[in-house]
Amino acid sequence: MIDPKVLRDDPDRIRAAQAKRGLSADVVDDALAADGRRRSAIVEFERLRGEQKTLGRQIATASGEEKQALLERTRRLSAEVKEAEAAQSQAEETYRALVMTIPNPAAEEAPAGGEDDYVVLEHVGKPRDFEAEGFEPRDHVELGRLLGAIDIDRGAKVSGARFYYLTGVGADLELALVSMAMDQARRSGFTTMIPPTLVKPRAMEGTGFLGQAADDVYRVEGEDMYLVGTSEVPLAAYHSDEIMEAESLPRRYAAFSPCFRKEAGSYGKDTRGIIRVHWFDKVEMFSYTTLDDAAAEHQRLLGWEKEWLEKLELAYRVIDTAAGDLGLSAQRKFDCEAWIPTQGRYRELTSTSNCTDFQTRRLDIRGRFPDGVRPIATLNGTLVAIPRTIVAILETHQQTDGSVRVPTALQPYLQGRELLEPASSR
RNA sequence: GGAGGUGUCGCCUAGUGGCCUAUGGCGCCCGCCUGCUAAGCGGGUUGAGGGUUACCCCCUCUCGCGGGUUCAAAUCCCGCCACCUCCGCCA
């Protein structure tokens, strides 16, 4: 949720922020009007309630006719109070519903515009030149089949399109990547976590996934529960309704969890392979810190993501996502996109967002500072999203015979294996 | 899933319709006293919203959550949630 004070005192700032994302500013005016109605409803209720309390105290000590007269008066008043209270909660609900739809204003540094208006910040590593090496790279589907690592056909048979089995060395690869990621996170000061992935609406809404993003979310039939699309959700909600001691910040968590996404609206996109799937496992980094430190923490998260990709010896670039592509909660977002040889382009492998106080306001998370209780910031960043990382590793490190070289840093997590070889040649 | 119990401030706790504007203790903060420390003494210490807005101040809400009864609810009634104990089931 945006800062209600900013909305009230400096609505032009929110209007400009809407424009930068390519959104209408009408909601700003609607919200301002609703805020006015809300405040007058509060004043009216409090006036009546105050009167009721005053008279109530008199009744307690009055007697006889005086008491009867007071009772007569307060009986009517009681109904008015009830009415005013209902009007107040109605007005607050209307206001809240409007404000909740307003996205986090993008950072000044974030590029304006939509999906295609990102800015490339840097390239790291060089995409492997298969032409110069004189062979046609196989795609991950074929490599996965050769290695006995990915079984897409049976995934479809059992669960449908966009599902897969990781088998044999594929399963080993996931466990290795997860262990390696958790090791890195632990060394970097993160508390490792295994969070629940079925959550109540509050957690979903608090992290900004129930608004226009709700289409992409699995809801459990017959229960008020959702399957999370990222462990950002349970990690953000972890400290909901809490006041965190300022000196305990930054607090960092790294969670391993499955992620579930409907992928609504992506029909026909990435239908081949495991680039875009309904379920995958992920290790996610999550930080709680002060608003002053948030931008610096964002750079740290990006730094850990880069360290990770470099250890996997992948070529990638970093982009600064444009305002319109930020999602509801983020103020700024960096994506690390790895080069996928058979696609001839960079694809998102990790993504890190600075959500400033947007989620903490919704989840009632604050910090206790020497000068009082104030909002704090949350940030999230992918360490490893398994399927896409497997795609990048297989395709990047493949050899002419279909075997795949294991990046040095990963070898200790794969029983020392330096090479993954096709099942038939073993 | 069934039965019973519990839910009050960071923690413990008093509180059975109006004198609750919620008690006391611990912890914490400020001050006094004091060779130092401890003890002692005095004061402060939930959070949110609104009025006003430099500050002060005033008001409303907040006793797990939501309803209801009543002129008036921490207190009475109903529903829900969480935890504890037991039973059932289960990895």
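Asker: Is there a simple way to think about the packing of aromatic side chains in this case?
Answerer: Aromatic rings in a pair are described by how distant their centres are and how their planes are angled relative to each other. Using the criterion set out here, one finds seven aromatic pairs in the structure. Aromatic side chains Phe-190 and Trp-304 sit 5.1 Å apart centroid to centroid with 75° between the ring planes, which places their arrangement in the edge-to-face category. Residue Phe-190 is located in the loop between helix 8 (169-187) and strand 4 (191-193), and its partner Trp-304 is located in helix 11 (residues 294-311); the two are separated by 114 residues in the primary sequence. Of the two residues, Phe-190 and Trp-304, neither departs from the other in class, the shared state being buried. On the basis of an interplanar angle of 75° and a centroid distance of 5.4 Å, the ring pair of Tyr-238 and Tyr-253 is categorised as edge-to-face. Taken together, the residues span a long stretch of sequence, with Tyr-238 in the loop between helix 10 (232-237) and strand 8 (243-245) and Tyr-253 in strand 9 (residues 251-260) at a distance of 15 residues. The exposure class assigned to Tyr-238 is partly exposed, which follows from its relative accessible area of 44%.

Asker: Help me out: how do you make sense of the domain arrangement of chain A in this one?
Answerer: By convention, interface size is frequently given as the accessible area that disappears when the constituent parts associate. Per the domain assignment, the segments making up chain A are domain 1 (4-99) and domain 2 (119-420). Using C-alpha coordinates to define each centre, domain 1 is positioned 43 Å away from domain 2. In this complex, domain 1 contributes four residues to the contact, which on the side of domain 2 involves eight residues. In total, domain 1 and domain 2 occlude about 410 Å² of area from one another, counting both sides; carbon and sulfur atoms represent 42% of this. Of all residues in domain 1, Pro-4, Arg-21 and Arg-96 bury the most surface against domain 2, accounting for 85% of the area lost on that side. Two residues, Arg-96 and Glu-205, come together in a salt bridge whose shortest N-O distance is 3.8 Å. If you look at where domain 1 meets domain 2, you find two residue pairs in polar contact (both at pLDDT 80 or more). Partitioned by chemical class, the residues of the side of domain 1 that touches domain 2 number one nonpolar, no polar and three charged.

Asker: Teacher, can you tell me more about the nonpolar core here?
Answerer: One recurring pattern in soluble globular proteins is that nonpolar side chains are buried together. Ranked by internal contacts, the top residues of the largest apolar core, which has 56 residues, are Leu-177, Trp-308 and Leu-410. The leading source of residues in this core is helix 8, at nine residues. Apart from residues no more than four positions distant in its own chain, Leu-177 is found in contact with Trp-308, Leu-312, Val-384, Ile-386, Thr-389, Ile-390, Ile-393 and Leu-410. In this structure, Met-204, Val-233, Phe-286 and Tyr-288 belong to the second largest nonpolar core, which totals 22 residues.

Asker: Would you mind going over the side chain of Ser-351 with me for this structure?
Answerer: With respect to the helices and strands, the residue Ser-351 is situated in strand 13 (residues 345-354). Among the polar contacts listed, one links the side chain of Ser-351 to the side chain of Asp-335, at a separation of 2.8 Å. Residues in contact with Ser-351, not counting those within four places in the same chain, are Glu-305, Lys-333, Phe-334, Asp-335, Asn-380, Gly-381 and Thr-382.

Asker: Sorry, what's going on with the pattern of salt bridges here?
Answerer: When the charged atoms of two side chains with opposite charge come close together, those side chains can pair. Overall, the coordinates contain 35 salt bridges when judged by the stated rule. Among the salt bridges present, the one from Asp-35 reaches Arg-8, with a minimum N-O distance of 3.0 Å. Taken as a pair, Asp-35 in helix 3 (residues 26-61) and Arg-8 in helix 1 (residues 4-9) lie far apart in primary sequence, 27 residues in all. For Arg-8, a relative accessible area of 33% gives the class partly exposed. What emerges from the salt-bridge pattern is a single network uniting Arg-8, Asp-35, Arg-38, Arg-39 and Glu-92.

Rules behind the numbers
- Residues numbered from 1 in each chain as written.
- Chains lettered and ligands numbered in written order.
- Predicted model: local features only at pLDDT ≥ 70, side-chain atom pairs only at ≥ 80, totals over all residues.
- Heavy atoms only, no water.
- Phe/Tyr/Trp six-rings, centres within 6.5 Å; stacked < 30°, edge-to-face > 60°.
- Helix = DSSP H or I, 4+ residues; strand = E, 2+ residues; numbered from the N terminus.
- Buried < 20%, exposed > 50% of the residue type's maximum accessible area, 1.4 Å probe, protein only.
- Domains from an automatic or database assignment.
- Contact = heavy atoms within 4.5 Å.
- Buried area = accessible area lost by both parts, 1.4 Å probe.
- Salt bridge = Lys/Arg side-chain N within 4 Å of Asp/Glu carboxyl O.
- Polar contact = N/O pair within 3.5 Å; in protein donor to acceptor, adjacent residues only side chain to side chain.
- Nonpolar A, V, L, I, M, F, W, Y, C, P; charged D, E, K, R; others polar.
- Core = buried A, V, L, I, M, F, W, Y, C linked by side-chain atoms within 4.5 Å.

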